Amino acid sequence: MRVTTRNGRVLLQGEPAQPTTSPHMISTGELRGLGMEAVAYIRAVQVEGEDAFAIHAADGTPLAVAEDRDDAVNAIIQHDMMLVPLH
């Protein structure tokens, strides 16, 4: 499976879509893709010695870096994503 981005959206490629036989069953690939485009988290990082906040997709793919936490939260909201806390 390959993860790429296009216009700020995370895309999963290389995994064939197989229709489920029942609405109560979901394939591993479908399960892996749930929330990829809708869920993000923020992690404190350092970039060139400066404190910053990295925005990551549900699978850990880095999406962006912001100078402060409020900017990171606003970026997530503006892209219609849900911010989830890290444990």
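Since we're looking at a predicted model, the values are computed, not measured.

Asks: Which residues make up the pairing of strand β4 (residues 50-57), and what values do they have?
Replies: Of the strand pairs in this sheet, strand β3 (residues 39-47) and β4 are connected by 8 bridges, and their pairing is antiparallel. The partner of Ala44 across the bridge, within β4, is Phe53. Linking two consecutive strands that pair antiparallel, namely β3 and β4, is a turn of 2 residues; a positive phi of about 50° is found at Glu48 within it. In this structure, β4 lies alongside strand β5 (residues 62-66), joined through 4 bridges in antiparallel fashion. Counted as the bridge partner of Ile55 is Ala64 from β5.

Asks: I'd like to hear about unusual backbone geometry, residue by residue, with values.
Replies: Phi is positive for Glu48, which is not a glycine, with a value near 50°. With respect to the helices and strands, the residue Glu48 is situated in the loop between β3 and β4. Taking relative accessible area as the criterion, Glu48 reaches 80% and is therefore assigned exposed. Positive phi values are uncommon outside glycine, yet Asp80 reaches one of about 55°. With respect to the helices and strands, the residue Asp80 is situated in the loop between α2 (69-78) and β6 (82-83).

Asks: Account for the sheet that holds β3, with residues named and values stated.
Replies: Whenever strands of a sheet pair, they do so through backbone hydrogen bonds, lying parallel or antiparallel. The strand order across the open sheet built from 4 strands is β5-β4-β3-β6, with neighbouring strands paired in mixed fashion. If you trace the sheet from one side to the other, it starts and ends with β5 and β6, each paired once.

Asks: How would you summarise the pairing of β3 if you had to cite specific residues and measurements?
Replies: For β3 and β6, the ladder comprises 2 bridges, and the chain directions are parallel. Opposite Val39, over in β6, you have Met82 as the bridge partner.

Asks: Any chance you could break down the environment of Asp71 for me, citing the residues and the numbers?
Replies: With respect to the element layout, Asp71 can be found in helix α2. Accessibility expressed as a relative area gives 41% for Asp71, which makes it partly exposed. Between the alpha carbons of Asp71 and Phe53 there is a distance of 8.8 Å; along the sequence they are 18 residues apart.

Rules and cut-offs
Residues numbered from 1 in each chain as written. Predicted model: local features only at pLDDT ≥ 70, side-chain atom pairs only at ≥ 80, totals over all residues. Heavy atoms only, no water. Pairing = 2+ DSSP bridges. Helix = DSSP H or I, 4+ residues; strand = E, 2+ residues; numbered from the N terminus. Buried < 20%, exposed > 50% of the residue type's maximum accessible area, 1.4 Å probe, protein only.

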